[in-house]
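Listed here are the chains, written in short residue letters.
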Amino acid sequence: MSDLTPRTPYRPLVWTDAVLDIQELLLGFADPVYIVGGAVRDALLGRPIKDLDLATPGDSIGVAKLIANSFPNGALYIMDKERGVARALIETMHGPLNVDVAKFRGEAGDLLTDVTDRDFTINAMMVDLKGDLAQIIDPLNGERDVAQKTIRRCNPQSVVSDPVRGLRAVRQSNQLTYRIEPETLKDVRTSAAHLDDTSPERVRDELFKIHDLRRPAAALRVMQRIGLLDAVLPVTENSGQDGVEQIFAVQDKLAGLLAGFFPGEMDNLASDFGYGLALVQVNRVRMQLEDYLRGTMWASQRTHRSLVMVMPLFYDFSLDDVAAHAERLRLSSDEKKRLVAVMANRRFVFEMRDTEPLTLHRFWFGVGEAGVDVCLFAMADYLAQQGVELRQNAWLVIIERVQALLEAYYLHHDEIVSPPPLLTGNDLMDTLGLPPGKHIGQLITVLREAQVTGEVKTVDDALNYARAALGDDARGDIRR
């Protein structure tokens, strides 16, 4: 239990060049520095290392600063000066890498206390960064639990003292396909009642990490069975058991659709008729959708894909409740607006009567970029409602509507979504001798829509159209 002697693990550790570079950089640093947490586990499993946690009894902020200053475009963030926690964000050949550096945990401030104070044994292995990177320090037998695919608490207080670790246990269980051992699972169940006592931001971040998984619905099903889901968001209470199953089905279908926009993540799409037909129909804008899902980032590096995957949880909430729970989860104002906009318009694709340019324009003018999410959500919703008995003709109608919407947005933006205005409000007032008022805004709308339909193409067309729309009363309602 207290053996801190480095030893050779049952399989070789696989480190990236960035870790080797950081080792060389810190060889001259006075204090010991250890690689800790999930990075050691991932090196043992041969998984990509996206986050690197370091621990030291010495100047942790100084270590982070040295790393940030030694890599091109490196950035330093002091996360908790009092506790000595800092992050160096660096660019590597494998992409961005977060290097979090902290002082040893616990009152004793030593290596064994730091290990024991961590969440799960699989995350409590350490490697001496200034020593042999092929050796692990493993007093809690995390290597054994990795081999046995088991998530086990580091000590009886690991989850009890930090209820957010209950969510993390479920996430890592799903991510790694590990089982949660019985005593730890008992603590995870208990943690649900105490999530309200913890930081809402940490709960939100763990929820989003769950939704970054390829199939988050699997983790959410576990959360629901053990009482964690409603502790985060009252989904079962609001939707009932049947409604929750529908939500999970929407998430499953949404995950399948989104996988189709990422090379290497096709997930047997070729054998699924519903996904395959959808991807064929939207193929002309597939690259734009991939860029949109990859490129859009929210506060604190939350991905847009995870926000889209979270959306089905709000399926049956009123718009007021959507906004209220977005606030409770401490989502940014932009994320909240996006969530409300999608939920307010999620039925649009089903209710469309035509795909004429004016219909497409009014949709996009009303919802903006959120319309992309509406389209994705609608396809997943329809597939979830149909289940295994998908009606080909009806499905084709849905995806043809989505195709028309997305191609208008990405391929015909200037003609349909937002045609460049031919006249400004000042132009109308000056040329037609109009006073200010709401009729100016109405005229702008009328002219913009006439451009979409092709009735107005030039400035003269716009002026003549405006005169006809005004009729005899320059202050009255505009004729459309």
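Thresholds applied
Residues numbered from 1 in each chain as written. Predicted model: local features only at pLDDT ≥ 70, side-chain atom pairs only at ≥ 80, totals over all residues. Heavy atoms only, no water. Helix = DSSP H or I, 4+ residues; strand = E, 2+ residues; numbered from the N terminus. Buried < 20%, exposed > 50% of the residue type's maximum accessible area, 1.4 Å probe, protein only. Polar contact = N/O pair within 3.5 Å; in protein donor to acceptor, adjacent residues only side chain to side chain. Contact = heavy atoms within 4.5 Å. Core = buried A, V, L, I, M, F, W, Y, C linked by side-chain atoms within 4.5 Å. Pairing = 2+ DSSP bridges. Axes fitted to C-alpha atoms, helices over the stretch in contact; angles between N-to-C directions. Salt bridge = Lys/Arg side-chain N within 4 Å of Asp/Glu carboxyl O.

S.K.: Help me out: how do you make sense of the side chain of Asp138 in this one?
M.R.: Positionally, Asp138 belongs in the loop between strand 6 (126-128) and helix 5 (142-147). By relative accessible area, Asp138 is classed as buried at 6%. Looking at Asp138, its side chain comes within polar contact range of the main-chain nitrogen of Gly142, at 2.7 Å. At 2.9 Å, the side chain of Asp138 and the backbone nitrogen of Glu143 are in polar contact. For Asp138, the contacting residues outside a window of four places in its chain are Asp3, Arg7, Met125 and Glu143.

S.K.: Would you mind going over the nonpolar core with me for this structure?
M.R.: Note that soluble globular proteins tend to have their nonpolar side chains buried in a common cluster. In this structure, Trp15, Ile35, Leu54, Ile67, Val99 and Phe314 are the most contacted members of the largest nonpolar core, which totals 130 residues. Per-element accounting of this core gives the leading share, twelve residues, to helix 19 (residues 370-386). Not counting residues up to four positions away in its chain, the partners in contact with Ile67 are Ile22, Leu25, Leu26, Leu54, Ala88, Ile90 and Val99. Ranked by size, the runner-up nonpolar core spans 15 residues in total, among them Leu423, Leu428, Val456 and Ala462.

S.K.: Sorry, what's going on with the sheet that holds strand 2 (residues 51-56) here?
M.R.: Where strands meet in a sheet, backbone hydrogen bonds hold them as pairs that are either parallel or antiparallel. Strand order in this open sheet of six strands is 3-4-5-2-1-6, and the pairing throughout is mixed. The strands lining the two open edges of the sheet, one partner per strand, are strand 3 (75-80) and strand 6. Across the sheet, the mean angle separating the axes of adjacent strands is 25 degrees when strand polarity is ignored. Where strand 4 (residues 85-92) meets strand 5 (residues 95-103), eight bridges bridge the pair, whose relative direction is antiparallel. In the strand pairing of strand 5, Ile90 is matched with Leu97. Along the sheet face, helix 1 (residues 17-26) touches strand 1 (34-36), strand 2, strand 4 and strand 5 and points at about 25 degrees away from the line of strand 2. Running over the sheet, helix 3 (residues 60-70) touches strand 2, strand 3, strand 4 and strand 5 and is turned about 15 degrees from strand 4.

S.K.: I tried to follow the pattern of salt bridges on my own but got confused; where do I start?
M.R.: A side chain of one charge can pair with a side chain of the opposite charge if their charged atoms are brought near each other. Within the structure shown, the criterion is met by 30 salt bridges. In this structure, the salt-bridge partner of Arg47 is Asp42, at a minimum N-O distance of 3.1 Å. When the shortest N-O distance is used, the salt bridge between Asp145 and Arg144 registers 3.4 Å. Exposure remark for Asp145: the relative accessible area of 0% places this residue in the buried category. For Arg144, a relative accessible area of 35% translates into the label partly exposed.

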